[in-house]
Amino acid sequence: MGPIGIFDSGYGGLTVLKAIKQKLPEYNYIYLGDNARAPYGSRSYEVVLEYSLEAVKWFFKKGCPLVIFACNTASAKALRTIQQKHLPYLDHTRRVLGVIRPTVESIAQYTKTNKVGVLGTIGTVVSQSYPIEIAKLFPHIQTYQQACPMWVPIVEHDEINTPGAEFFIKRDLDLLLSQNAEIDTVILGCTHYPLLLNVIRKFVPVSVSVIAQDEIVANSLADYLQRHPEIEKRCIKEGDITFFTTDNAEFFNRRGLIFYGEEINSLKLSSL
Ligand code: DGL
């Protein structure tokens, strides 16, 4: 028995944890933000895999039967390899899930034109994970992507409602939407982007659906636990959440508030 592990490169996964906690408050969770090594978005495949694998091993040591990669970059660059190559020898009875698959599963209910846009970090976009997953599940849907490297720093430096933020958000949305005038659905493929939703909405036609992942992932986890009683019965249900960061705890508590909306008391890990 153990808590459900929620992993992110830093703060962003707190948006996902918040939605999960609202949907499934009865479970215990441990959150790990690898802040000391964030951002992951601009790092190479090898490095994101190495860091994410270290995190999985740490969660397993903490007894987690299930780990969710709340981070799109880790889901895009490391998840498949960890599931296929590492889990069988680490512990084949435990599971590691990501955020890309559940997000992609939801898009068919939004798009009418079958033209979908994806916004993400450079790492997520270059990995082609969204187009590949979308093509697998919905071969008739065409995917267009745009990397938004400035959006994470905008959120992390609390510059959300500034003219500078509007400039970069409008620029990247224009670059995405100009790829095909029929794009009617835009996926926010990064943990930080839901916090920019109000600004994003200003620059996207009302006819375009903008999909944030937090609730989608929470609903998909609820569904997964129902379909997998062998994992569900190993998840402790005391409604407790513990936060860990690889960087300064006080800093995490303060910044984390922007993402989580509630007070956080995190613990600092000296190493993973
Ligand atoms: N959590 C990352 C993601 O969702 C964004 C932050 C980072 O680049 O580390 O892609």
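Residues numbered from 1 in each chain as written. Predicted model: local features only at pLDDT ≥ 70, side-chain atom pairs only at ≥ 80, totals over all residues. Heavy atoms only, no water.

Draft legend 1. Spotlight on the pairing of strand 7 (residues 185-188). Every second residue of strand 7 is oriented toward a common face, with T185 and I187 on one face and V186 and L188 on the other, all of them buried. Pairing between strand 7 and strand 8 (residues 209-211): three bridges, direction parallel. Its bridge partner being in strand 8, V186 is matched across the sheet by V210. Following the chain from strand 7 across helix 10 (residues 197-202) to the adjacent parallel strand 8, one finds a crossover that is right-handed. (Buried < 20%, exposed > 50% of the residue type's maximum accessible area, 1.4 Å probe, protein only. Helix = DSSP H or I, 4+ residues; strand = E, 2+ residues; numbered from the N terminus. Pairing = 2+ DSSP bridges. Right-handed = clockwise from strand over helix to strand, strands pointing away.)

Draft legend 2. Quick look at the pairing of strand 3 (residues 66-69). Covered by surrounding structure in strand 3 are L66 and I68 together with V67 and F69, the residues of both alternating faces. As paired elements, strand 1 (residues 4-8) and strand 3 share four bridges and run parallel to each other. Considered in strand 3, the bridge of F7 is made with F69. Bridge analysis of strand 3 against strand 4 (residues 95-97) gives three bridges, and the strand direction is parallel. Bridge pairing links I68 to L97 in strand 4.

Draft legend 3. Up close: the site of the ligand. Around the ligand, 13 residues are found, and the nearest of them are D8, S9, Y40, G41 and T73. Between the ligand and Y40, the relevant distance is 2.7 Å, taken from an oxygen atom to a main-chain nitrogen or oxygen of the residue. In isolation the ligand exposes 290 Å². Once the protein is present, 98% of that is buried. When the residues that make up the shell around the ligand are grouped by side-chain class, the tally is five nonpolar, seven polar and one charged. (Near = heavy atom within 4 Å. Polar contact = N/O pair within 3.5 Å; in protein donor to acceptor, adjacent residues only side chain to side chain. Areas by Shrake-Rupley, 256 points an atom, 1.4 Å probe, with all protein chains shown as cover. Nonpolar A, V, L, I, M, F, W, Y, C, P; charged D, E, K, R; others polar.)

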